[in-house]
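Read off the chains here:
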Amino acid sequence: ITNSNIGQIISMANSEHVAKILTSAANGEIDVGGKAGENLKEVTKNIRDELIQKINVVPEAKLVSRMERYIKQSDLSLHALPWGYCAKEKTNKSGFGCVNNAEIEPNFSAASISTCKDCSFSLRTEVFIPFLQGSLKKHVDIVNSSSASEIMKSASKYFCLEIEEYISSIGLKQRISN
């Protein structure tokens with residue numbers, strides 16, 4: 001196997017993975033959030049509706065196949081972060097929340113829940129809930145700690161609100177109360 005073959009295999013696997021996530025979201029099997037999540041869910045629903053008009057029964061494999069074609073045409077890739085995906089379309093050169101200057105690529109080392117929450121490329125699914133709930137619990141513990149400084153408690157209160165907002169944007173109402 002050559003390096004180019006490995007690249008092709010990885011690219012195909014990425015397309016299949018993205019297509020399955022989007023198909024599951026369009027079918028209502030999983031919740032998605034974020035601007036990219038909502039936009040891509042609509043694209044998938046539109047493709048499904050177009051197929052339904054042409055075909056009486058739309059097998060999931062057909063929808064996945066059409067989504068793979070869309071993904072290839074738009075050069076879409078998902079970059080997993082602990083709290084969600086960056087749904088970067090390689091043809092789009094702007095709008096990343098983690099980019100603070102003239103860079104045209106997302107800076108994943110600068111990405112955070114704060115930068116991603118309003119980013120147009122943010123895609124969220126419930127698979128990230130355990131990480132988010134763990135982070136929320138740590139901040140709740142700091143808020144309730146008798147040994148934490150007031151500035152730490154204040155910062156943690158802010159992060160609790162931000163994380164809860166992020167979790168609710170996924171569509172799930174599971175929260176750890178503070």
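Above this text you will find the structure in question.
Source: prediction; values computed, not measured. (Residues numbered from 1 in each chain as written. Predicted model: local features only at pLDDT ≥ 70, side-chain atom pairs only at ≥ 80, totals over all residues. Heavy atoms only, no water.)

1. Looking at the environment of asparagine 39
Within the fold, asparagine 39 resides in helix α2 (residues 35–54). Residue classification places asparagine 39 among the partly exposed residues on the basis of a relative accessible area of 49%. Sequence separation between asparagine 39 and leucine 123 is 84 residues; the distance between their C-alpha atoms is 9.2 Å. (Helix = DSSP H or I, 4+ residues; strand = E, 2+ residues; numbered from the N terminus. Buried < 20%, exposed > 50% of the residue type's maximum accessible area, 1.4 Å probe, protein only.)

2. Points about the side chain of serine 24
Among the structural elements, serine 24 can be located in helix α1 (residues 3–26). Of the residues examined, serine 24 reaches a relative accessible area of 14% and is grouped as buried. Not counting residues up to four positions away in its chain, the partners in contact with serine 24 are Glu29 and Ile30. (Contact = heavy atoms within 4.5 Å.)

3. Points about the pattern of salt bridges
Under the counting rule described, the total for this entry stands at four salt bridges. Residues arginine 66 and glutamate 50 are paired through a salt bridge, measuring 2.9 Å at the closest nitrogen-oxygen approach. You can see arginine 66 sitting in helix α3 (residues 60–74) and its partner glutamate 50 sitting in helix α2, a full 16 residues away along the chain. Owing to a relative accessible area of 32%, glutamate 50 belongs among the partly exposed residues under this scheme. Here lysine 117 ties to glutamate 165 by a salt bridge, and the two come within 4.0 Å at their closest N and O atoms. With lysine 117 in the loop between α4 (113–116) and β4 (122–125) and glutamate 165 in helix α6 (residues 150–169), this pair connects stretches of sequence that are 48 residues apart. Here the residues in one salt-bridge network are Lys117, Glu162 and Glu165, joined through shared partners. (Salt bridge = Lys/Arg side-chain N within 4 Å of Asp/Glu carboxyl O.)

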